[in-house]
Amino acid sequence: MEHYLKPLDATQQPAWQALRAQRERMQGFSLRQAFAADPQRFQRYSLSQAGLFLDYSKNLIDEGSLTALLALAEQMKLRPAIAALFDGAAVNASENRPALHTALRRPVGDKVLVDGVDVMPDVHRVLGQMTELVQRIHNGLWRGWTEKPITDVVNIGIGGSFLGPQLVSEALLPFAQRGVRCHYLANVDGSEFHEVTARLRAETTLFIVSSKSFGTLETLKNAQAARRWVLAQGAGEADLHRHFVAVSSNRKAAVEFGIAAENIFPMWDW
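Residues numbered from 1 in each chain as written. Predicted model: local features only at pLDDT ≥ 70, side-chain atom pairs only at ≥ 80, totals over all residues. Heavy atoms only, no water.

Asker: Please provide a residue-by-residue account of unusual backbone geometry, values included.
Answerer: The residue Ala50 is not glycine, and still its phi comes out positive at about 55 degrees. Here Ala50 lies in the loop between strand S1 (46-49) and strand S2 (52-55). Given the relative accessible area of 75%, Ala50 is considered exposed. With a phi close to 55 degrees, Asp115 is a non-glycine residue in the positive phi region. Secondary-structure assignment places Asp115 in the loop between strand S3 (113-114) and strand S4 (117-118). (Helix = DSSP H or I, 4+ residues; strand = E, 2+ residues; numbered from the N terminus. Buried < 20%, exposed > 50% of the residue type's maximum accessible area, 1.4 Å probe, protein only.)

Asker: Tell me about the packing of aromatic side chains, and please be specific about residues and values.
Answerer: Following the criterion strictly, the structure yields 9 aromatic pairs and no others. Pairing Phe244 with Phe257 gives two aromatic rings, centres 5.2 Å apart and planes at 75 degrees, and the pair type is edge-to-face. In this pair, Phe244 is assigned in strand S8 (residues 244-247) and Phe257 in helix H10 (residues 251-257), connecting sequence segments 13 residues apart. Given a relative accessible area of 0%, Phe244 falls into the buried group. Taken together through their ring pairs, the aromatic side chains of Phe193, Phe207, Phe214, Trp229, Phe244 and Phe257 make up a single cluster. Over the aromatic face of Phe35 sits the side chain of Arg41, whose NZ or CZ is 5.6 Å from the ring centroid. The ring of Phe257 carries Arg227 above its face, with NZ or CZ at 5.6 Å from the centroid. (Phe/Tyr/Trp six-rings, centres within 6.5 Å; stacked < 30°, edge-to-face > 60°. Lys NZ or Arg CZ within 6 Å of the ring centre and 35° of its normal.)

Asker: Account for the environment of Leu206, naming residues and giving values.
Answerer: Summarising the element assignment, Leu206 is placed in strand S7 (residues 205-210). Of the residues examined, Leu206 reaches a relative accessible area of 1% and is grouped as buried. Linking Leu206 and Thr151, residues 55 residues apart in sequence, is a C-alpha distance of 8.1 Å.

Dropping the structure here:
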């Protein structure tokens, strides 16, 4: 069995013991003295890659600490575990399947085989589908049942399907498209739904129902409330596809809800 399917115990590695001893040696560590003794400390303990900058010079670290940390990573076989993750190996031990979030960010032309099938063509097809949807909204081409352009997008989800998108949209708010606002629904308590929709008009609102199973209780309850709200505002059932898209593996349930098949973005089991 591969080591990443039966994780090693870090506390039993020689480097762990070296780190414990190093921690004792650094009890009197002074950051001010460390910078005074090493004018190159900032350059030594910082790095820049892919547009990101990391400064760890102001941490409890010196060459002894760094050497022991790197040794621990090697003893835990981190390099082959990372390679296995990127290669599509079944690194999810509890479910015996890949964890290929990395595939969603790999460039066109890369190949990632899962059970002998390259998953990358499907990944880029869906990324293209997402890009097209976003462009239509930004350009005012996605319109509700009254032919008015969408001005508000409400993400309905819970857990990672809520916190992840909210984190990204809030972090990138200075670069947001003007005229399009993002909102989030996660709480099954109806008061949150009423608080969000009180500021919106159904005819210019698009809901994203984010649920792998399309059966998560909190998400489904909010989605059903949104469906009733849109219909109560004057839309017909035949118009629901203008106001709902889904991120889900359960295409059948999403279509039965009223979402057009072309507006269902798959969530693969990996």
